[in-house]
Amino acid sequence: MNVFRILGDVSHLLAIIILLLKILKSKSCAGISGKSQILFALVFTTRYLDLFTTFISLYNTVMKVIFLICAYITVYMIYVKFRKTFDSENDSFRLEFLLVPVTGLSFLENHSFTPLEILWTFSIYLESVAILPQLFMISKTGEAETITTHYLFFLGLYRALYIANWVWRYYTENFYDQIAVVSGVVQTIFYCDFFYLYVTKVLKGKKLSLPMPV
């Protein structure tokens, strides 16, 4: 049993549940980047196409289905159910700046040049940068609600735990996936500054705030 992978999956699921509960309880998606959530839905969709071709385990299948359902429910609540509370003005990151290079890289650097493998690689690369619209939105507004910071913390923790998972698998199974590891490290780096602010401010009961861009 790989405890790091299980803890990573639990942390990932907890992050999504925190976000959904935040939206449902407040009946508002203020402070949430819809663009990041669209990217995460795209990540899960392109990664989990193997649900139709490969059975790994009941745990694996259930988790994939849960992540897919939650991702699309989140997008629905932001753009349909609570669209009046959506801050589109500050959720202004240009998605093409991520999608174009990620698409190109997935064709150039992959394990095998097959449709499913290219889409899986695309999902790995895209996940590493999918949080950027959310971080960009926080930098524009200068602050984030506490519950949103909890969501981001557990999302970042999930990636950190997966790095530990890869180290564990390398030493116990001699398994190493360069694409997944490098992308995961890049994604974790994006969270480093946030982790520092989370520990020094949010955990001490202070509101996370950032200097407003000039």
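For the structure given in this document, a descriptive report is provided here. Small disclaimer: the values here were computed from a predicted structure and weren't measured.

### Topic: the overall build of the chain
(1) Moving on: Counting its secondary structure elements, the chain contains 8 helices and 2 strands.
(2) Moving on: For the chain, the sequential pattern of α-helices and β-strands runs α-α-α-α-α-α-β-α-α-β.
(3) Moving on: Whereas a compact globule of 214 residues would reach a radius of gyration of roughly 17 Å, the chain reaches 17 Å, a difference of no more than 12%.
(4) Moving on: Each of the three principal axes of the chain carries a C-alpha extent, and together these read 45 × 35 × 35 Å.

### What to know about a nonpolar patch on the surface
(1) Moving on: Taken together, the side chains of Val167, Tyr170, Tyr171, Tyr176, Val182, Val186 and Phe190 make up a nonpolar region of the molecular surface, amounting to roughly 690 Å² of accessible area.
(2) Moving on: Locating Val186 in the fold gives a position in helix 8 (residues 178–200).
(3) Moving on: On the basis of relative accessible area, Val186 is assigned to the partly exposed category, the value being 34%.

### A few points about empty space enclosed by the protein
By rolling a water-sized probe across the atoms, one finds the places where empty space is left.
(1) Moving on: Under the counting rule described, the total for this entry stands at 1 cavity of 30 Å³ or more.
(2) Moving on: Its boundaries defined by the atoms lining it, the largest cavity holds a volume of some 80 Å³.
(3) Moving on: Residue lining of the largest cavity: His12, Ile16, Leu19, Gln37, Phe40, Phe44, Ala71, Thr74, Tyr151 and Leu155, and that is the complete set.
(4) Moving on: Elements with a minimum of two residues in the lining of the largest cavity: helix 1 (3–26), helix 2 (34–47), helix 3 (58–81) and helix 7 (146–173).
(5) Moving on: For the lining of the largest cavity, the residue count by class is 7 nonpolar, 3 polar and no charged.

About the cut-offs
- Each chain has its residues counted from 1, following the order in which its sequence is written.
- Predicted model: local features are reported for residues with pLDDT of at least 70 only, side-chain atom pairs are reported and counted for 80 or more only, and whole-chain, interface and lining totals are derived from all residues.
- Heavy atoms from the whole structure form the basis of all side-chain values; hydrogens and water molecules are not counted.
- Under the DSSP-based scheme used, a helix requires at least four consecutive residues in state H or I and a strand at least two consecutive residues in state E, with every element numbered from the N terminus.
- Atoms counted for the radius of gyration: C-alpha only. Globule rule: 2.2 Å times residue count to the power 0.38.
- Residues form patches when they are more than 30% accessible in relative terms and have no salt bridge. Like charges link within 9 Å. Nonpolar side chains (Val, Leu, Ile, Met, Phe, Trp, Tyr) link within 5 Å.
- Per-residue and other accessible areas follow the Shrake-Rupley method at a 1.4 Å probe size, with only the shown protein chains counted as cover for residues.
- The term salt bridge refers to a pairing of a side-chain nitrogen on Lys or Arg with a carboxyl oxygen on Asp or Glu at a separation within 4 Å.
- When accessible area is computed with a 1.4 Å probe and restricted to protein chains, residues below 20% of their type maximum are described as buried, those above 50% as exposed, and intermediate ones as partly exposed.
- Only protein atoms enter the 1 Å grid, on which a cavity is a set of points fitting a 1.4 Å probe that cannot get out and a pocket is an open set with protein on both sides within 12 Å along at least 5 of 7 lines, lining residues being those with an atom within 4 Å of a point.
- Grid points are joined across faces, edges and corners, and a volume is the space filled by probe spheres set on the points.
- When residues are grouped by polarity, Ala, Val, Leu, Ile, Met, Phe, Trp, Tyr, Cys and Pro land in nonpolar, Asp, Glu, Lys and Arg in charged, and all others, Gly among them, in polar.

Shape descriptors only; they carry no functional weight alone.
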